[in-house]
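So the chains spell out like this:
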Amino acid sequence: GACDDPDHGMYPNSVEGAQPATFHAAPEASWEQITLWKMAWATRFGLISNWERLVPTLQGWSDRLIKLGSTTGGMQMRISGVGKGGQSRTIVWNLVAHHNHGPEIPCVPALIIARKLAAGAISTRGAYPCLGLITLPDFDKEVSDLDIHWRMDEVNG
């Protein structure tokens, strides 16, 4: 189905020939996935229409159960397409963040762009897509003091 996230359609509109992107995420532990699935069905069936009043209870459970997970997180990005020579290519980028450093990652692009704006390396002002403003070396430098590691590989298929 269609995604309501405005970023979802940005990439195909910014890169010639790109197909729509899909994004997937899941909690670490299977019990978290099952709990979220049950909560979604409770909402769909009208058993609970507003979870706000249950937040203190759910937060208490979360605080006690957090020890069942780990402080390591990860993500994978897989990009497939046609290379300059007409051959099919698939690039996979894997990232692992240890010691609960994963929640820092969403801030990294904003920090990189703020530093570039302050240094005068970006002159354009206003709201616009930041595609092309951040490089992997920029990312690497920004997370160098964190326990975050990544690698990129070309795979077959």
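Keep in mind the model is a prediction, meaning the values are calculated, not measured.

## Quick notes on the overall build of the protein
Assigned secondary structure in the protein consists of 5 helices and 3 strands. Each helix and strand of the protein, placed in order from N terminus to C terminus, yields the pattern α-α-α-β-β-α-α-β. Burial statistics for the protein: of 157 residues in total, 15% are counted as buried. Residue pairs in contact within the protein that sit at least 24 positions apart in sequence constitute 51% of those at least 6 positions apart.

## Focus: the pattern of salt bridges
Inspection of the entire model under this criterion finds 4 salt bridges. Among the salt bridges present, the one from Glu142 reaches Arg115, with a minimum N-O distance of 2.9 Å. Of this pair, Glu142 sits in helix α5 (residues 136–142) while Arg115 sits in helix α4 (residues 108–119), placing them 27 residues apart in sequence.

## Some points on the nonpolar core
Formed by Trp93, Leu95, Ala97, Ile105, Val108, Ile112, Phe139, Val143 and Ile148, the largest nonpolar core amounts to 9 residues. Elements represented by at least two residues in this core include exactly β2 (88–97) and α4. The dominant element in this core, judged by the number of residues it contributes, is β2, at 3 residues.

## Description of unusual backbone geometry
Positioned with a positive phi, His99 is a non-glycine residue whose angle comes to about 55 degrees. Summarising the element assignment, His99 is placed in the loop between β2 and α4. With a phi angle near 60 degrees, Asn100 is a residue other than glycine that sits in the positive phi range. Exposure remark for Asn100: the relative accessible area of 47% places this residue in the partly exposed category.

What counts and what doesn't
- Residues numbered from 1 in each chain as written.
- Predicted model: local features only at pLDDT ≥ 70, side-chain atom pairs only at ≥ 80, totals over all residues.
- Heavy atoms only, no water.
- Helix = DSSP H or I, 4+ residues; strand = E, 2+ residues; numbered from the N terminus.
- Buried < 20%, exposed > 50% of the residue type's maximum accessible area, 1.4 Å probe, protein only.
- Contact = heavy atoms within 4.5 Å.
- Salt bridge = Lys/Arg side-chain N within 4 Å of Asp/Glu carboxyl O.
- Core = buried A, V, L, I, M, F, W, Y, C linked by side-chain atoms within 4.5 Å.

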